[in-house]
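Inside the fold
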Amino acid sequence: MTEPIVSTLRVRIGQEEAHYGGNLVEGARVLKLFGDIVTEVAIITDGDEGLFVGYDKIEFLAPVHAGDFLEVTGTVTRIGTTSRTVALEARKVIASRYDDTPSGADVLDEPVLVVRAVGTTVVPVKNSRGPRGKGHTA
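Read on for a plain summary of the structure.

**Some points on the sheet that holds strand 5 (residues 69–79)**
The sheet built from five strands is open, its strands ordered 1-5-6-7-4 with antiparallel pairing. Strand pairing shows two members of the sheet lacking a second neighbour, strand 1 (6–12) and strand 4 (51–60), which therefore form its edges. Here the average twist between neighbouring strands, direction ignored, is 25°. For strand 4 and strand 7 (residues 105–122), the ladder comprises eight bridges, and the chain directions are antiparallel. Residue pairing in the sheet places F60 in a bridge with V115 of strand 7. Contacting strand 1, strand 4, strand 5, strand 6 (83–96) and strand 7, helix 1 (residues 28–46) runs over the sheet at an angle of about 145° to strand 1.

Structure follows, in structure tokens:
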């Protein structure tokens with residue numbers, strides 16, 4: 001059995017990304033992170049950044065605030081001839097606590113799922129550099 005293809009990143013959402021009252025961050029910020037994950041998946045599978053062609057589903061499940069830390073993960077669920085389907089999740093692992101102190105934050109005992117989606121990327125045949133990318137050694 002082959003190992004699943006997974007990409008993960010962890011990022012702090014900066015104060016400059018607060019868009020709404022109460023330091024609330026717009027959902028599109030998480031979708032940008034999903035785009036980075038899908039780009040890495042295409043590089044892993046094909047040695048090319050590919051083209052993110054769309055989402056099958058997006059669910060915004062909990063708010064994201066400036067100062068929160070998110071862990072974003074994508075797992076390949078299907079590999080077609082030129083397409084790769086990726087299950088995406090963003091979880092809050094550290095929550096800002098500006099309500100408590102100006103620079104307060106809490107490490108969460110249990111991460112909070114904030115956004116879940118399914119996305120598809122396509123790597124044109126002419127751009128693909130073979131299965132799992134050129135120079136892949138695993």
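**Points about the pairing of strand 5**
Consecutive side chains of a regular strand alternate in pointing toward one face of the sheet and then the other. Bridge analysis of strand 1 against strand 5 gives seven bridges, and the strand direction is antiparallel. Bridge pairing in strand 5 places S7 opposite G74. Pairing analysis gives 10 bridges linking strand 5 to strand 6, with the strands arranged antiparallel. Bridge pairing links V72 to A90 in strand 6. In this structure, the hairpin formed by strand 5 and strand 6 is closed by a connection of three residues.

**Focus: the environment of S103**
Along the polypeptide, S103 turns up in the loop between strand 6 and strand 7. Take S103: its relative accessible area is 66%, and that puts it in the exposed class. C-alpha of S103 to C-alpha of T73: the two residues are 30 residues apart in sequence and 27 Å apart in space.

**Some words on unusual backbone geometry**
Backbone geometry places N23, a non-glycine residue, at a positive phi of 65°. Position of N23 relative to the elements: it lies in the loop between strand 2 (18–20) and strand 3 (24–25). Overall, the relative accessible area of 23% leaves N23 in the partly exposed class.

**Quick word on the nonpolar core**
One broad rule of soluble globular proteins: the nonpolar side chains tend to lie buried together. V30, F34, V64, L70, V72, L88 and A90 are the most contacted members of the largest nonpolar core, which has 20 residues in total. Counting residues per element, the ones that place at least two in this core are helix 1, strand 5, strand 6 and strand 7. With six residues, the top contributor of residues to this core is helix 1. Among residues more than four places away in sequence, those in contact with V30 are V64, L70, A90 and V115.

**Describing the environment of D46**
Mapped onto the elements of the fold, D46 is located in helix 1. Under the relative-accessibility criterion, D46 is labelled buried at 3%. Considered as a pair, D46 and R10 are 36 residues apart in the sequence and their alpha carbons are 23 Å apart. There is a polar contact of 2.7 Å between the side chain of D46 and the side chain of R84.

Rules used in this analysis
- Residues numbered from 1 in each chain as written.
- Predicted model: local features only at pLDDT ≥ 70, side-chain atom pairs only at ≥ 80, totals over all residues.
- Heavy atoms only, no water.
- Pairing = 2+ DSSP bridges.
- Helix = DSSP H or I, 4+ residues; strand = E, 2+ residues; numbered from the N terminus.
- Axes fitted to C-alpha atoms, helices over the stretch in contact; angles between N-to-C directions.
- Contact = heavy atoms within 4.5 Å.
- Buried < 20%, exposed > 50% of the residue type's maximum accessible area, 1.4 Å probe, protein only.
- Core = buried A, V, L, I, M, F, W, Y, C linked by side-chain atoms within 4.5 Å.
- Polar contact = N/O pair within 3.5 Å; in protein donor to acceptor, adjacent residues only side chain to side chain.

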